[in-house]
Amino acid sequence: MNDQSESGPQRDTVTPDALLHTGSGGEVTAEDLVLASGRDITPQNLAWAERKLATEGPAALDKMLP
C-alpha cells in the first residue's frame, strides 16, 4: 500500500515524452535543452543553454538525447 498522498508532490518521476522533443518538429528552445540535460529551469541553467544553442545550434539537443 502506498503511504504517499496522490495529491502531494511526486518524486523519482520521468519527464513525459511530450515535454521532451527534438527540433525536427519545431524550434529548439533553451528550456528544451535544460530539461533534456536533467537540470532545473533556473536563470543560470537557461543562460547556459542559450550559450550552448548559440554555439552548437539545434544539434546541441540531439547530442543530449539518446
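Everything in this summary refers to the structure shown in the same document.

1. Digging into the overall build of the protein chain
No. 1: Of regular secondary structure, the protein chain possesses three helices and zero strands.
No. 2: In sequence order, the secondary structure elements of the protein chain are arranged as α-α-α.
No. 3: Within the protein chain, buried positions represent 21% of all 66 residues.
No. 4: If you take every contact in the protein chain between residues at least 6 apart in sequence, the share linking residues at least 24 apart comes to 39%.
No. 5: Summed over all atoms, the accessible surface of the protein chain reaches about 5,200 Å², with 50% contributed by carbon and sulfur.

2. Details of the nonpolar core
No. 1: Counting residues in hydrophobic clusters, the biggest one holds eleven residues: Val-28, Ala-30, Leu-33, Val-34, Ala-36, Leu-46, Trp-48, Ala-49, Leu-53, Ala-60 and Leu-61.
No. 2: Listed by contribution, the elements that provide at least two residues to this core are α1 (30-36), α2 (43-56) and α3 (59-64).
No. 3: For Leu-33, the contacting residues outside a window of four places in its chain are Trp-48, Ala-49, Lys-52, Leu-53, Ala-60, Leu-61 and Met-64.

3. Comments concerning α2
No. 1: Spanning 14 residues, α2 covers 20 Å between terminal C-alpha atoms, matching the ideal 20 Å at 1.5 Å per step.
No. 2: For α2, the complete set of buried residues consists of Asn-45, Leu-46, Trp-48, Ala-49 and Leu-53. Down the axis of α2, the sector holding all buried residues measures 155°, keeping them to one side. Facing away from the buried side of α2 by more than 90 degrees, the exposed set consists of Pro-43, Gln-44, Arg-51, Ala-54 and Thr-55.
No. 3: Contact partners of the buried residues in α2: α1 and α3.
No. 4: Gly-57 occupies a position one or two residues after α2 and carries a positive phi of about 70°.

Rules used in this analysis
Residue positions are counted from 1 within each chain, in the order its sequence is given. Residues qualify for local features only when their pLDDT is at least 70, as the model is predicted, and side-chain atom pairs are given and counted only at 80 or more; totals for whole chains, interfaces and linings, by contrast, use all residues. Side-chain metrics in this entry use all non-hydrogen atoms of the structure; hydrogen atoms and water are not considered. Secondary structure elements are taken from DSSP: a helix is a run of H or I of four residues or more, a strand is a run of E of two residues or more, and numbering for both begins at the N terminus. Exposure categories follow from relative accessible area, calculated using a 1.4 Å probe and restricted to protein chains: below 20% of the type maximum is buried, above 50% is exposed, and the middle band is partly exposed. Contact between two residues is taken to exist if any of their heavy atoms lie within 4.5 Å; hydrogens are not considered. Accessible surface is estimated by sampling points in the Shrake-Rupley manner with a 1.4 Å probe; for residues, cover comes only from the protein chains shown. Throughout, nonpolar core names a set of buried Ala, Val, Leu, Ile, Met, Phe, Trp, Tyr and Cys residues whose side chains join them through atoms within 4.5 Å. For a helix, the expected span equals 1.5 Å multiplied by the residue count minus one. Our arc is simply the arc of the directions from the helix axis toward the C-beta atoms.

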